[in-house]
Amino acid sequence: VLGYFRKERGSSFFNAAIAILYLTLPTVSTTIFRTFPCEDFDDETYMLRADYSISCLDNNRPLWVLYGWFMVLVFPVGVPLLFLSLLSNKRSRLMSKDRAEDEGLHSIAFLWEPYATNYWFMEIIETLRRL
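Residues numbered from 1 in each chain as written. Predicted model: local features only at pLDDT ≥ 70, side-chain atom pairs only at ≥ 80, totals over all residues. Heavy atoms only, no water.

### Quick look at the packing of aromatic side chains
To be explicit about the condition: Aromatic pairs are defined between Phe, Tyr and Trp rings, using the six-membered ring for Trp, whenever the two ring centres lie within 6.5 Å; interplanar angles under 30 degrees are classed as stacked, those over 60 as edge-to-face, and all others as tilted. Per the convention used, a helix needs a DSSP run of H or I reaching at least four residues, while a strand needs a run of E reaching at least two, with both numbered from the N terminus. Each residue is assigned to one of three classes by its accessible area relative to the maximum for its type, calculated with a 1.4 Å probe on protein chains only: buried under 20%, partly exposed between the two thresholds, exposed over 50%.
Counted by the stated rule, this structure contains seven aromatic pairs. Between Phe41 and Tyr52, the aromatic rings sit 5.2 Å apart at their centres with planes inclined by 80°, giving edge-to-face as the arrangement. Here Tyr52 lies in strand E3 (residues 51-55) and Phe41 lies in the loop between strand E1 (38-40) and strand E2 (46-48), a separation of 11 residues in the sequence. The class for Phe41 is partly exposed, based on a relative accessible area of 31%. Here the aromatic rings of Tyr119 and Phe121 are separated by 6.3 Å at their centres, their planes lie at 55°, and the arrangement is tilted. For Phe121, a relative accessible area of 27% translates into the label partly exposed. Among the aromatic side chains, those forming a connected cluster through ring pairs are Tyr22, Phe83 and Phe110.

### Things to note about the sheet that holds E2
Our working rule: At least two DSSP bridges between two strands are needed for those strands to be called paired. Inter-axis angles, ranging from 0 to 180 degrees, are taken between N-to-C directions of lines fitted to C-alpha atoms, where helices are fitted over the stretch in contact.
Pairing within the open sheet is antiparallel, and its three strands lie in the order E1-E2-E3. Since the sheet does not close on itself, it has two edges, and those belong to E1 and E3, each with one partner. Strand-to-strand twist in this sheet, taken as the mean axis angle between neighbours without regard to direction, amounts to 45°. Here E1 runs beside E2; their pairing, made up of three bridges, is antiparallel. Bridged to Cys38 within E2 is Leu48.

Keep in mind these numbers describe shape, not what the thing actually does.
Take a look at the structure:
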């Protein structure tokens, strides 16, 4: 009995985490991409466009840029790949005519429900387009 409740609780946490990733992906990705562009000024300063109090000539800038590229791999690249993995692992079930009744697919319904069965992957393309 305890194993059943642990599995159910873990499953609901996973489902919530996937939904939160989906909802926060555009905002977090935008914030990550704001790590890179700098702007030249007439007084020969070179400042981060997102925050003019941060100099792009600072000695720590290369570390922040490296961290930014790592986060690009984690969020704007990694999250859509995670979604694609979740969908492709259930591809045959997603292409079924009765996929709406498949309880195993309900947790990721927001990724496939608006699309026809042959286009189960379209939310990934749409997510990448929005980034």
